[in-house]
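Listed here are the chains, written in short residue letters.
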Amino acid sequence: MDPLTDIAEMLGSEVAESCRFEASGPWSLRLPGYHDVKVGAVLSGHGWLITDDDSPLQLKAGDCYLLSGGRPFQAASDPSLEPHDVKALFEATRPKTVMRLNVIDDDPDRFVEVCASLTFDDTTAALLLDYIPSRARIAAGSDGAEALRPALQILERETHDDAAGTTVMRNVLTQILLVQVVRTLLDSTETDGLAYRRRRRDWCGDGTRIGPRGRSGNRRRYR
């Protein structure tokens, strides 16, 4: 079995939270930490993703992204704008999952994004997190993004409102998005200027596989 499939099956990831965000005009939001990975895709418009340890990353329609590490971050139409806490918008939206901020329905530049957080078992999550960077973008038009086009088209329909069964569909599509993004990263040597070195598994003489270093820096054994 290939490493990605082996790790993905062992992790048993769960979609902790998913939403659709729409906005018109200038906007900037400070978002809370998450656990363990966040994946997203821009369906229309463009925006910026700002993390504390990297320069602002521009996102446009068709781009997919991944964040790991769980730290708070900022999303904005312009990285120079002062961010507002997203808590009030969350509270005004719940229990629905479609967040709208100053939306003008016929706005051709309206920003639309779908995103979700995924959680993993604390022990085995370290295996996946050691394979991926803290931030990455799969650019629109790339082979990885093109492979996701059908899934993104379904996500656009499934996240438009909170219809019956939409949670199940979103969860399945989010898993597909995660695997495709990680697959693309594993096949690349550099992502958005972030050096990315693919790690390979070591094998012991007794056939026990030794996983990559986890968050604590200790190597973990698993079968």
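Residues numbered from 1 in each chain as written. Predicted model: local features only at pLDDT ≥ 70, side-chain atom pairs only at ≥ 80, totals over all residues. Heavy atoms only, no water.

- Under an unreviewed UniProt entry, the protein has the name AraC-type transcription regulator ligand-binding domain-containing protein and belongs to Mycobacterium stomatepiae.

**Considering the layout of surface pockets**
Stage number 1. There is about 330 Å³ of room inside the largest pocket.
Stage number 2. In this structure, the largest pocket is lined by 27 residues; those nearest its centre are Leu 31, Lys 38, Phe 73, Phe 90 and Cys 115.
Stage number 3. Elements with a contribution of two residues or more to the lining of the largest pocket: β1 (14-23), β2 (28-31), β4 (46-50), β7 (73-76) and β10 (111-119).
Stage number 4. If one sorts the elements of the lining of the largest pocket by residue count, β1 sits on top with five residues.
Stage number 5. Residues belonging to the lining of the largest pocket are distributed by class as follows: 19 nonpolar, four polar and four charged.
Stage number 6. The biggest single contributor to the lining of the second largest pocket is helix α4 (residues 143-158), with five residues. (1 Å grid on protein atoms, 1.4 Å probe; cavity = no way out; pocket = protein on both sides within 12 Å on 5 of 7 lines; lining within 4 Å. Points joined across faces, edges and corners; volume = space filled by probe spheres on them. Helix = DSSP H or I, 4+ residues; strand = E, 2+ residues; numbered from the N terminus. Nonpolar A, V, L, I, M, F, W, Y, C, P; charged D, E, K, R; others polar.)

**Regarding the sheet that holds strand β3 (residues 37-44)**
Strand pairs in the sheet, formed through backbone hydrogen bonds, run parallel or antiparallel to each other.
Stage number 1. Pairing in this open sheet of six strands is mixed, and the strands run β9-β1-β10-β3-β6-β11 from one edge to the other. Pairing within the sheet leaves two strands with one partner each, and these edge strands are β9 (98-101) and β11 (135-138). On average, each strand axis in the sheet is tilted by 20° relative to the strand beside it, whichever way the strands run.
Stage number 2. Pairing of β1 with β9, which is carried by four bridges, proceeds in the parallel orientation. When the sheet's bridge partners are listed, Arg 20 is paired in β9 with Val 98.
Stage number 3. Each of β1, β3, β6 (64-68), β10 and β11 is contacted by α4, which is oriented at about 80° to β3, the strand it contacts most. (Pairing = 2+ DSSP bridges. Axes fitted to C-alpha atoms, helices over the stretch in contact; angles between N-to-C directions. Contact = heavy atoms within 4.5 Å.)

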